[in-house]
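Close look at the chain arrangement
Here's the letter readout for the chains.
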Amino acid sequence: MKFTDGFWLLRDGVRQFAAAEAYAIEAGKDSLRVLAPTRRISSRGDTLNGATLTVDLSSPARDVIRVKLTHFAGARAKGPEFGITGDPDARAEIRDDGKTATLSSGRLSVRVVRGEGWNMDFLADGRVLTSSGPKGMAYVETAESSPGSGYAKEELSLGVGESVYGLGERFSAFVKNGQSVDIWNRDGGTASEQTYKNIPFYLTNRGYGVFVNDPGLVSFEVASEKLSRVQFSVAGQSLEYFLIYGPTPKEILRKYTALTGLPSLPPAWSFGLWLTTSFTTSYDEKTVTGFIQGMADRDLPLAVFHFDCFWMREYAWCDFKWDPRTFPDPEGMLKRLKARGLRICLWINPYIAQASSMFAEGMAGGFLARKPNGDVWQTDLWQAGMGIVDFTNPGARKWFGDKLRSLVDMGADCFKTDFGERIPTDVAWFDGSDPGRMHNYYTYLYNQTVFEVLREKKGADAVLFARSATAGSQRYPIHWGGDSESTFESMAESLRGGLSLGLSGFGFWSHDIGGFEGTPRPEVYKRWLAFGLLSSHSRLHGSSSYRVPWLFDDEAVDVLRLFTKLKCRLMPYLYAAAVEASSVGIPVMRAMILEFPDDLSSATLDRQYMLGSSLLVAPVFSAEGSVEYWLPSGKWTRYLTGEAVEGGRWMRETHGFSSLPLLVRPGSVIATGAVDSRPDYDFADGVTLEAFAPIDGETVTTAVTDLTGAESAVFETRREGGILTVTRRIGSKPWRFLLVGAEEASGVTGGSPERSERGTLIAASSESLTITLR
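Attention here is on the structure that accompanies the text. For every chain, the first residue of its written sequence is number 1, and the numbers climb from 1 along that sequence. Only residues with pLDDT of at least 70 get local features here, since the model is predicted, and only at 80 or more are side-chain atom pairs given and counted; chain-wide, interface and lining totals rely on the full set of residues. Excluding hydrogens and water, the side-chain values take into account all heavy atoms of the structure.

1. Observations concerning a nonpolar patch on the surface
Inclusion rule: Each patch is built from residues lacking any salt bridge and having more than 30% relative accessible area; the joining distance is 9 Å for like charges and 5 Å for nonpolar side chains (Val, Leu, Ile, Met, Phe, Trp, Tyr). In these tables, accessible area is a Shrake-Rupley quantity obtained with a 1.4 Å probe, and a residue counts as shielded only by the protein chains included in the view. Salt bridge, as used here, is a side-chain nitrogen of Lys or Arg placed within 4 Å of a carboxyl oxygen of Asp or Glu. In this description a helix means any DSSP run of H or I spanning at least four residues, a strand means any run of E spanning at least two, and both kinds are numbered starting from the N terminus. Buried means the residue's accessible area, taken with a 1.4 Å probe over protein chains only, is under 20% of the maximum for its type, while exposed means over 50%, and partly exposed covers the values in between.
On the surface, Phe7, Trp8 and Leu9 cluster together into a nonpolar patch covering about 450 Å² of accessible area. Relative to the assigned elements, phenylalanine 7 resides in the loop between strand 1 (4-5) and strand 2 (9-10). Overall, the relative accessible area of 57% leaves phenylalanine 7 in the exposed class.

2. Quick notes on helix 8 (residues 522-533)
In an α-helix there are 3.6 residues to a turn, and that puts residues three or four apart on one side. What counts here: Helix span is expected to be 1.5 Å times the residue number reduced by one.
Taking 1.5 Å per residue, 12 residues should reach 16 Å; helix 8 reaches 17 Å between its end C-alpha atoms and fits that length. Burial analysis of helix 8 places 10 of its 12 residues in the buried class, which makes it a mostly covered element. When helix 8 is considered as a whole, its buried residues turn out to be Val524, Tyr525, Lys526, Arg527, Trp528, Leu529, Ala530, Phe531, Gly532 and Leu533.

3. Section: the sheet that holds strand 21 (residues 218-222)
Our working definition: Note: two strands are recorded as paired if DSSP finds a minimum of 2 bridges between them. The axes are straight lines fitted to the C-alpha atoms, using for helices just the contacting stretch, and the angles between their N-to-C directions are given from 0 to 180°.
As summarised here, the arrangement of the six strands in space is 3-15-16-22-21-18, forming an open sheet in which the pairing is antiparallel. A strand with exactly one partner marks an edge of an open sheet, and here the two such strands are strand 3 (15-18) and strand 18 (179-183). For this sheet, the mean inter-axis angle between neighbouring strands, taken without regard to orientation, is 20°. Of the pairings in the sheet, the one linking strand 16 (residues 151-157) to strand 22 (residues 229-235) comprises seven bridges and is antiparallel in character. Counterpart to alanine 152 in the pairing with strand 22 is valine 234.

4. Focus: the environment of aspartate 308
Let me state the cut-off plainly: Here, two residues are considered to be in contact whenever any of their heavy atoms come within 4.5 Å of each other. Polar contact is defined as a pair of N or O atoms within 3.5 Å, subject to the rule that within protein one atom must be able to donate a hydrogen and the other to accept it, and that residues adjacent in sequence are counted only when both atoms are side-chain atoms.
Note on placement: aspartate 308 falls in the loop between strand 25 (304-307) and helix 3 (330-338). Assessed through its relative accessible area of 2%, aspartate 308 is described here as buried. C-alpha separation for the pair aspartate 308 and glycine 166, spaced 142 residues apart in sequence, amounts to 30 Å. Those residues within four positions of aspartate 308 in sequence are excluded, and the remaining contacts are Thr277, Ser278, Phe279, Tyr283, Trp347, Lys416 and His541. Polar side-chain contacts of aspartate 308 include one of 2.9 Å to the side chain of lysine 416.

5. A short note on the layout of surface pockets
We apply this condition: Both cavities and pockets are sets of points on a 1 Å grid over the protein atoms alone; in a cavity a 1.4 Å probe fits but cannot get out, in a pocket the set is open with protein on both sides within 12 Å along at least five of seven lines, and lining residues sit with an atom within 4 Å of a point. Grid points are joined across faces, edges and corners, and a volume is the space filled by probe spheres set on the points. We call Asp, Glu, Lys and Arg charged. Ala, Val, Leu, Ile, Met, Phe, Trp, Tyr, Cys and Pro are nonpolar, and the rest, Gly among them, are polar.
Here the largest pocket defines a volume of roughly 960 Å³. Asp214, Ala235, Gly236, Ser238 and Arg437 are the residues nearest the centre of the largest pocket, which is lined by 33 residues in total. Of all elements in the fold, only strand 8 (64-70), strand 22, strand 23 (238-245) and helix 6 (435-458) reach the threshold of two or more residues within the lining of the largest pocket. For the lining of the largest pocket, the residue count by class is 11 nonpolar, 13 polar and nine charged. Quantified by volume, the second largest pocket comes out at close to 520 Å³. As for the second largest pocket, its lining consists of 24 residues, of which Tyr573, Glu580, Ser613, Ser614 and Thr701 are closest to the centre. Where the lining of the second largest pocket is concerned, the elements lending two or more residues are helix 10 (571-584), strand 42 (669-672) and strand 44 (699-705).

Structure (structure tokens):
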């Protein structure tokens, strides 16, 4: 939201009361309170008839500083609130030399200068990260403001070359500088400035992140109103934000997710291939079984089958009843499908159509959101006469959850929690929550309700396929990118959104392979297959057309088989990355800036990413296979061929449909599995450690987990000159070691070597290998 007319003037009707000086500073045990008049105080008379701002500074955790700006403090607290988990042992240090007062937490400090002119600096290791300066922190009234209402705002400085990332799953430019961003969930597809997952958190390449602790509409002007500032504002009398010091992007995410919640670890089976009925296509049990058998006949490993909306009767979404015309024996059908080793996912949304049998139940029980006059809120948009489940009502949560429990008992393993963005503000919520704040927060309660049902019934196997989100929703994975078009442009949009979401605290992400709207051309479908199977989660889904590969061409079948089996073999590596995401908040799919923060060329890259810490993926966004990508410095290795490539340069290549740039970081040791037919197996049994260009003097630790995420094998690989040693510290099952590339072994102790297409393969016969390199 913009308040100024150029640099000097305010817009017509705008009155701004900006902090003019730190007039008084009161030190508590672990906090500072600053009284900031909004005009210069040169005499006692100046203390009358003027607004002041109160600025409270504290620290909820090490390297995190909380700032709360308040104009009028008498307003009643309005829910909902984000759940913030602080460190009860966190302590802040206070220093006051008479000229400045400083609060320090770990390596981060905030310093307020007394006297004329407002200046509040955030410092780390003696360096100013960002500042709140003159005319920055303010209370603002506009011509549209009612008496006593307005906006609280802050402006934080941006330095030369400073780039801003995050703010949720945004499909616009990856670097957010120059953009106006409203944190307001909308059902807008992937081709607009709207998004399903708005997160009031950003980080920059200068070592810090900012989380605005408000679930309502937060308006960001990112170098768009004032080119050297990020401005954020909220309606009301107060604003609270947390400034988080890294200094690396990974450390920022670790500390942010410690505050707002870590992702749950999805079950290993969810990383396999998902196939769906698509949306408005015609299907019944025969259709579904035909697709599944077709996948099996073509040796295409399938892990999950998803039934989209029309598993229920039209006009009845949701009543959670199978349409008897197409699925007369749903319980028997699910048993037959599960006998094939499949998991089952069912589509749901939080809306209840008027024709649903649940509408009367919900209305009678008070489980549907109501207008202020007591009527049930209804609309014809999406489902005729639909109401919205009021998840602020514990009774409604149980009512809705009980319907899902019955479906789980029938055989459902997970739910696609669609929608949750079009939440009205002209309602009165059961618990009295503020409608404006509930608009974004609704999705948290919706997905939490469903996830908790699955946790209760399925334990650690609980997983969703969710579209909408707010801060903290990362606790309930997986999230997918929503409604994309079946084009290369939309494929690139989707990746931008996923990378931005990963920089907003979300560990797991997926997208509709081939695009949702329209039918992709075969070349789009095949390129998207490689991208989709090299994402954390992989789903074939469309709107009005099916997505099984043989409907495109025979080559599509081969491409899908190649990359699905590759993903299954990579599961020991991928699941270790998933455990990292659930433990410290680092996403499985990582923007290049996350892994290479000191590489200036990586700062703007949004058409490539790191899958885990070691694999670079550059999807191909063209029919002919031309692709450009940046390769950071070092000796990289093409995973699919074993060819060594020197980095530190831009690469221009052409790839067939069975290939794409997939490169391994120098010095990596990647654990691969012995199974390529499913994603959930004993990763340690027959594991192969694949070593790529071992670096002299470095020790690489490779952990292999079991299906619960616990370590089942741990290896250490170290190179000293021409000697490579590999030692197993934990584990007892058979293992192998592959030295990828042209470098050969002239001698091996502890195992039996043989030359393979990809390098020297050694079957270990002891707990340690010693390899003499030729």
